[in-house]
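Chain residues, written in single-letter form:
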Amino acid sequence: MAIFKRKYFKLSLDQPTGKDDETLWMKCKACGELVFKKRVRENNNICPKCGEYFFLTAPERIQMLVDPGTFEDISKPIGAADPLDFADQGGVPYLDKVKKAQEETGLSNEIIVGKASLNEVSVILAVMDFRFIGGSMGSVMGEQLCHAMRVAADERRPFILVSSTGGARMQEGILSLMQMAKTLSARQWLEAAGVPFISVMTYPTTGGVQASIANVGDITLAEKGALIGFAGRRVIQQTIKQTLPEDFQTDKFAYEHGFVDRVLKREGLRQELSRILRFFAGISRQRREPMALRILNSGRSHER
Amino acid sequence: MSDKRIVELERKIRELRTFSEDGIDLSAEIEKLEAKLQTLKEQLPPVPAPTTPDEWDQVKLARNPKRPYTLDFIRLMMDDFYELHGDQMYADDAAIVVGLALFEGETVVVVGHQKGRDVTENIRRNFGMAHPEGYRKALRALKLAERFGFPVISLIDTPAAYPGTGAEERNIGGAIAQNIYEMFKLRVPIVIAITGEGGSGGALGLGVGDRVLMLEHAIYSVIPPEGCAAILFRDASKAPEAARAMKVTAPTLLELKVIDEIIPEPGEGAHTDHETTAANLKEAIRRHLKALERIPLEKLLEQRAKKFQAMGVFEELEETHARE
């Protein structure tokens, strides 16, 4: 038991997060060219030379999507616990790993949830950060997602989820598996309230998140360069003892097999979301009754 | 590990107690049986103090190929079983069986993973590792149950959902997500029993319900121990260490409130006595279904959601403004 309560920091987009980055140049992992970091950042973290997509951190992603100055962190002040006393092979305790991720990213958690305007439409946004233990879903992410969906349902704001995750957080054992069920149970609130849910899958959206909340959007988009799938490539290759095709589990694969509605370039995502939201602009005028209840009631009146 | 006679007596006492709840006074009979149980216990050699079972030993027990499988449980617990085949979209996945059954004279829908007993059957059943069509077939059966108000019994025993190309091409993750979501909305009581291996999303895809029971030597984990070992310990052969780190056995799961009840297994484990194992499970399922039937539907669905909403452990922190 810690004597001093750990502190919880809410995200402010005006404050820099993460460690200071002193290098000005980086080498693109795809084309090998040296590129000016500032140029990369201005280009939505896309290589200006070859168009390769680099990771977006959650704050960068939010900055890219929302109207300036409108983002408000609505997360609950909670932090990871270690119910299993989990230590990996090197004997590193789980909470040390969390602390290290916090220091490296400047974030409290692997997910940021907030209110914001997107082209003047007010939305609830949940964005995962892959740098934070692979953006994996444990009890904290599960609770933040449920909280975000609760607020979205209560305030009738569209819910947008941007996934970037390896899946369940194994260090929390069975409880991480249960976050799949927990988040899906909360998805009912959106349905009951008639709130649209747009799920955006980016590199990567795999494992327990792909097999739960990311896969039940009303509309599902994939960002170009996304990796979408349940089992990892290595596991599958070991199982079937065959080399997998290049495009396996890519954005193209997901689109061709019908998992996602569209594949979008990063720079077009904000505009696309805004366009989709326009179709749902009239929802506040519609009846709030869940569909099942309406069907049931109409059946009754018919009998009479 | 307890004596078969003791297990049998304890089960009878629980049964009588259930009857008592219905207003029949059976206290005299219960007392008699309890006295008998006491004598029996005293006659037995002293049992060593219960020690926490080793996680890896439990994994091996849960995977014992002689354990009763879903169709064994169905044969031993149900009066009739009418198996349904196919997801009506793509194929019939033999790694999951579904059908209508008579349980204590009432119609129920049973869904469950099915492993094979020999090589031929295991190839056909893919070692109990289902493809998306298996989960979609189960969903079809769940919807059937809902239309007619039949309670659902789901028996879980799978190493994992199948990690293969076909499964990925047909969106195994999506099929699992859909089942979990629909199980929250299903307007009939659902009782889950983890009978062997509760492997990851492949288990949870049939695993949302009002009660979650678990056999004494079954396991339930977020990823198979080998998978966890390969990723976190960088060596699949470290599966025993991974199992110990993840804590995959029933007592921990009960403590974490992921399951509601542990079903005792006879002797050295379920593989030694299918009949008693099935009888113990049957008694528990019957008792829970009976209790669930009394709960109004809206309340039942609310409780089901709340049960899973409560799962997770985190620390409440002191809130501060943005980092200085």
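Please read these numbers as outputs of a predicted model, since none were measured by experiment.

The rules we used
Residues numbered from 1 in each chain as written. Chains lettered and ligands numbered in written order. Predicted model: local features only at pLDDT ≥ 70, side-chain atom pairs only at ≥ 80, totals over all residues. Heavy atoms only, no water. Helix = DSSP H or I, 4+ residues; strand = E, 2+ residues; numbered from the N terminus. Polar contact = N/O pair within 3.5 Å; in protein donor to acceptor, adjacent residues only side chain to side chain. Contact = heavy atoms within 4.5 Å. Domains from an automatic or database assignment. Buried area = accessible area lost by both parts, 1.4 Å probe. Salt bridge = Lys/Arg side-chain N within 4 Å of Asp/Glu carboxyl O. Patch = residues over 30% accessible without salt bridge, like charges linked within 9 Å, V, L, I, M, F, W, Y side chains within 5 Å. Areas by Shrake-Rupley, 256 points an atom, 1.4 Å probe, with all protein chains shown as cover. Buried < 20%, exposed > 50% of the residue type's maximum accessible area, 1.4 Å probe, protein only. Pairing = 2+ DSSP bridges. Right-handed = clockwise from strand over helix to strand, strands pointing away.

A. Looking closely at the side chain of B:Gln114. Residue and element names in this part refer to chain B. One can find Gln114 in the loop between strand S3 (106-113) and helix H5 (119-125). Within the local environment of Gln114, its side chain forms a polar contact with the backbone nitrogen of Leu71, the two atoms lying 2.8 Å apart. Leaving out residues up to four positions away in the same chain, Gln114 has contacts with Tyr69, Thr70, Leu71, Ala94, Ala95, Ile96, Val97, Glu121, Arg125 and Gly128.

B. Main features of the domain arrangement of chain A. All names here are of chain A. Segmentation of chain A into domains returns domain 1 (26-55) and domain 2 (57-282). Relative to domain 2, the C-alpha centre of domain 1 lies at a distance of 24 Å. Tallying the contact residues gives 8 residues for domain 1 and 12 residues for domain 2. At the boundary of domain 1 with domain 2, total buried surface from both sides reaches about 770 Å², with 52% on carbon and sulfur atoms. Of all residues in domain 1, the largest losses of buried area upon contact with domain 2 belong to Asn44, Tyr53 and Phe55, amounting jointly to 79% of the total for that side. Summed over the shared surface of domain 1 and domain 2, the result is 0 salt bridges. Taken together, the connections running from domain 1 to domain 2 amount to 5 residue pairs in polar contact (both at pLDDT 80 or more).

C. Structural context of a nonpolar patch on the surface. On the surface, a nonpolar cluster with roughly 430 Å² of combined accessible area is contributed by A:Leu24, A:Trp25, A:Leu34 and A:Phe36. Looking at where A:Trp25 falls in the secondary structure, it is placed in strand S2 (residues 25-27).

D. Inspection of the pairing of strand S8 (residues 159-165) of chain A at higher detail. All names here are of chain A. Across the 7 residues that make up S8, a large majority, 7, are buried. Burial along S8 is two-sided: the residues Phe159, Leu161, Ser163 and Thr165 and Ile160, Val162 and Ser164 are all buried. In terms of strand pairing, strand S7 (residues 121-128) meets S8 through 4 bridges, oriented parallel. Within the sheet, the bridge partner assigned to Val127 lies in S8 and is Val162. Handedness of the crossover joining S7 and S8 through helix H4 (residues 139-155): right-handed.

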